[in-house]
Protein chains: 2
Amino acid sequence: MAGMTEDGDVPEYESLAQSVRRLIDATIRTEAGAGTVAAAKAHIDCAVEQLSERLMPGSFAVRRPVDGQPVASGNVMIGVRNPVAPPLVIHRDAGGAVWTEVTLGAAYEGPPGHVHGGVCAMVLDHVLGATAHEPNRPAYTGTLTLRYVRGTPLGPVRAEAWVDRVEGVKTFAKGQITDGQGITVAAEGVFIKPRDARD
Amino acid sequence: MAGMTEDGDVPEYESLAQSVRRLIDATIRTEAGAGTVAAAKAHIDCAVEQLSERLMPGSFAVRRPVDGQPVASGNVMIGVRNPVAPPLVIHRDAGGAVWTEVTLGAAYEGPPGHVHGGVCAMVLDHVLGATAHEPNRPAYTGTLTLRYVRGTPLGPVRAEAWVDRVEGVKTFAKGQITDGQGITVAAEGVFIKPRDARD
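Residues numbered from 1 in each chain as written. Chains lettered and ligands numbered in written order. Predicted model: local features only at pLDDT ≥ 70, side-chain atom pairs only at ≥ 80, totals over all residues. Heavy atoms only, no water.

Visitor: Got a minute to help me understand the overall build of chain A in this structure?
Guide: The helix and strand tally for chain A stands at 3 helices and 6 strands. In chain A, which comprises 199 residues, the share counted as buried stands at 50%. The long-range fraction of contacts in chain A, counting pairs at least 24 apart against all pairs at least 6 apart in sequence, stands at 58%. Summing over all exposed atoms, chain A offers an accessible surface of approximately 8,300 Å²; the carbon and sulfur share of this is 52%. (Helix = DSSP H or I, 4+ residues; strand = E, 2+ residues; numbered from the N terminus. Buried < 20%, exposed > 50% of the residue type's maximum accessible area, 1.4 Å probe, protein only. Contact = heavy atoms within 4.5 Å. Areas by Shrake-Rupley, 256 points an atom, 1.4 Å probe, with all protein chains shown as cover.)

Visitor: Can you walk me through the packing of helix H1 (residues 11-29) of chain A against helix H2 (residues 34-51) of chain B in this structure?
Guide: A pair of packed helices is captured by two measures, namely the crossing angle of their axes and the spacing between those axes. Between H1 of chain A and H2 of chain B, the least distance of the axes is 9 Å, while the angle of their chain directions is 20°. Classified by the angle between their axes, H1 of chain A and H2 of chain B sit roughly parallel to one another. For the element pair H1 of chain A and H2 of chain B, the recorded crossing hand is left-handed. In contact with Glu-12, Tyr-13, Ser-15, Leu-16, Ser-19, Val-20, Arg-22, Leu-23, Ala-26 and Thr-27 of chain A of H1 of chain A, H2 of chain B contributes Ala-34, Val-37, Lys-41, Ile-44, Asp-45, Ala-47, Val-48 and Leu-51 of chain B. Each residue belonging to the contact of H1 of chain A with H2 of chain B can be placed in one class, and the counts come to 11 nonpolar, 3 polar and 4 charged. (Axes fitted to C-alpha atoms, helices over the stretch in contact; angles between N-to-C directions. Parallel < 35°, antiparallel > 145°, perpendicular 65-115°, else oblique. Left-handed = near helix turned anticlockwise from the far one by under 90°. Nonpolar A, V, L, I, M, F, W, Y, C, P; charged D, E, K, R; others polar.)

Visitor: Would you mind showing me how to read the interface of chain B and chain A here?
Guide: Many authors give the size of an interface as the accessible area that is lost as the parts come together. In this complex, chain B contributes 79 residues to the contact, which on the side of chain A involves 79 residues. Counting only elements with at least two residues in the side of chain B that touches chain A, the list comes to helix H1 (11-29), H2, helix H3 (117-132) and strand S3 (140-148) of chain B. Residue composition of the side of chain B that touches chain A, by class: 42 nonpolar, 24 polar and 13 charged. The pairing of strand S3 (residues 140-148) of chain A with S3 of chain B spans 5 bridges and is antiparallel. Residue Leu-144 of chain A lies in a different strand from S3 of chain B, and its bridge partner there is Leu-146 of chain B. (Pairing = 2+ DSSP bridges.)

Visitor: How should I be thinking about the packing of aromatic side chains in this particular structure?
Guide: Aromatic ring pairs: the centre-centre distance and the angle between the two ring planes describe each pair. Tallying each qualifying case throughout the model produces 0 aromatic pairs over all chains. Note that Arg-81 of chain A overlies the ring of Tyr-13 of chain A, its terminal NZ or CZ placed 3.8 Å from the centroid. (Phe/Tyr/Trp six-rings, centres within 6.5 Å; stacked < 30°, edge-to-face > 60°. Lys NZ or Arg CZ within 6 Å of the ring centre and 35° of its normal.)

Visitor: How do you make sense of the relation of the copies chain B and chain A when you look at a structure like this?
Guide: The second copy of the chain is related to the first by a rotation about an axis and a shift along the axis. Once chain B is rotated about the relating axis by 180° and shifted along it by 0.0 Å, it coincides with chain A to within an RMSD of 0.0 Å. Here the two chains are linked by the operation of a two-fold rotation axis. The C-alpha atom lying nearest the rotation axis in chain B is that of Thr-145 of chain B; the distance is 2.1 Å. Mapped onto chain A, 100% of the interface residues of chain B again fall at the interface, so both copies present the same surface. (Least-squares fit on C-alpha atoms with pLDDT ≥ 70 in both.)

Visitor: For this particular structure, what's the right way to read the pairing of strand S2 (residues 98-104) of chain A?
Guide: Regular strands place side chains that alternate from one sheet face to the opposite one. All names here are of chain A. On S2, burial follows the alternation: Val-98, Thr-100, Val-102 and Leu-104 on one face are buried, whereas Trp-99, Glu-101 and Thr-103 on the facing-out side are not. Sheet analysis places strand S1 (residues 91-92) next to S2, joined by 2 bridges and oriented antiparallel. The residue of S2 that forms the bridge with His-91 is Trp-99. The antiparallel hairpin formed by S1 and S2 contains 5 residues in its connecting segment, where Gly-96 sits at a positive phi of about 95°.

Visitor: How should I be thinking about the side chain of Asp-179 of chain B in this particular structure?
Guide: All names here are of chain B. Within the element layout of this structure, Asp-179 appears in strand S5 (residues 170-179). We classify Asp-179 as buried; its relative accessible area is 15%. At a separation of 2.7 Å, a polar atom in the side chain of Asp-179 contacts the side chain of Arg-150. Within polar-contact distance, the side chain of Asp-179 engages the backbone nitrogen of Gln-181 at 2.8 Å. Residue contacts for Asp-179: discarding those within four places in its chain leaves Arg-150, Pro-153, Pro-156 and Thr-184. (Polar contact = N/O pair within 3.5 Å; in protein donor to acceptor, adjacent residues only side chain to side chain.)

Visitor: How should the nonpolar core be read in this particular structure?
Guide: For soluble globular proteins, nonpolar side chains are generally found buried alongside one another. Counting 99 residues, the largest nonpolar core has Leu-23 and Leu-146 of chain A together with Leu-23 and Leu-146 of chain B as the members making the most contacts within it. When neighbours within four sequence positions are excluded, Leu-23 of chain B is seen to be in contact with Val-20, Leu-23, Ile-44, Ala-47, Val-48 and Leu-51 of chain A together with Ile-44 of chain B. (Core = buried A, V, L, I, M, F, W, Y, C linked by side-chain atoms within 4.5 Å.)

Visitor: Please clarify how the sheet that holds strand S2 (residues 98-104) of chain B should be interpreted in this entry.
Guide: Adjacent strands of a sheet pair through backbone hydrogen bonds, lying either parallel or antiparallel. Strand order in this open sheet of 12 strands is S1(A)-S2(A)-S4(A)-S5(A)-S6(A)-S3(A)-S3(B)-S6(B)-S5(B)-S4(B)-S2(B)-S1(B), and the pairing throughout is antiparallel. Every interior strand has two partners, whereas the edge strands, S1 of chain A together with strand S1 (91-92) of chain B, have only one. Packing against the sheet, helix H3 (residues 117-132) of chain A makes contact with S1, S2, S3, strand S4 (155-167), strand S5 (170-179) and strand S6 (182-192) of chain A together with S3 of chain B, and its axis sits at approximately 135° to S5 of chain A. Strands S3 of chain A together with S1, S2, S3, strand S4 (155-167), S5 and strand S6 (182-192) of chain B of the sheet are contacted by H3 of chain B, whose axis makes an angle of about 135° with S5 of chain B.

Encoded structure:
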């Protein structure tokens with residue numbers, strides 16, 4: 001493919017995933033009749049067949065393009081090629097704190113009109129873990145504790161996390177999800193750098 | 001729509017969601033060239049337009065069909081209409097324990113070849129919470145603590161949970177995810193029945 005990099009992460013794939021995100025939302029919320037649904041399904045099945053013309057075996061994993069930075073384009077939280085991912089865009093401030101702002105819609109629903117508690121857990125796991133990540137040195141979750149203060153309404157939320165302290169290979173992180181009215185979920189976690197990535 | 005029930009949960013919608021799940025996997029794993037990707041995207045955009053002909057406002061929420069059992073077809077974990085949901089099928093044994101068996105593929109990836117720790121958290125939140133649910137009386141997560149024993153490889157897993165004890169409105173649940181080699185993640189949680197659903 002023209003412009004294709006070694007990680008297989010081209011703009012066309014990102015744009016495709018964006019279309020599939022819109023499709024997920026419409027699939028949940030459609031009230032169209034049986035004939036229209038059947039016609040839409042035929043288009044989708046056709047797209048699946050086209051894309052399956054060449055599939056990588058297994059999962060996306062992490063691909064290492066020419067500049068050496070690993071790319072997790074298939075990741076369920078940050079992967080630009082994964083339609084399940086919002087995707088989160090992770091920001092870091094000078095002090096090492098991490099934050100992201102994201103709008104969670106119908107696809108992430110648990111209690112009516114609210115984000116599933118498990119989705120909040122997933123976002124916090126990722127954001128807290130990101131405080132311990134370094135380039136080429138991902139950290140793995142040891143423990144994660146979530147305290148649900150109140151329901152998180154579907155819509156825009158902010159998730160943020162910071163390092164509380166570091167002890168050897170363990171990073172103790174804290175974080176929270178907030179909406180316009182304040183904290184909805186608070187979290188604490190211990191993240192561990194794998195043996196082969198220790199200093 | 002013919003056969004449509006009050007909850008809007010017809011077989012056509014479920015079959016549509018299944019097609020979109022296959023599309024999500026193909027979108028992540030395709031290595032097709034730019035022309036093929038553009039053709040597939042055109043089909044998807046067409047399906048979005050068709051399904052958007054009539055959309056419910058907001059999110060799916062919980063619809064109450066004629067038999068009175070609420071249906072959470074849009075739920076991110078169990079919703080048959082939500083392509084993000086595997087969907088989990090929750091089983092209960094006579095003693096009140098809850099279990100589900102599910103295959104988690106490329107769409108749920110975190111570390112290469114492994115389920116994202118946050119997805120494990122999401123599955124466990126749902127399964128532990130289900131121990132405290134009663135028909136028409138959903139319970140909400142108070143706290144959830146996850147201990148990651150080792151990485152969970154992508155593929156078939158079993159998640160199970162049971163009630164440890166009940167204190168007033170609080171249900172203390174425990175649970176775990178296992179693969180063929182044993183426990184990968186252990187969890188404890190406190191689930192709370194909302195005021196309007198207390199005895």
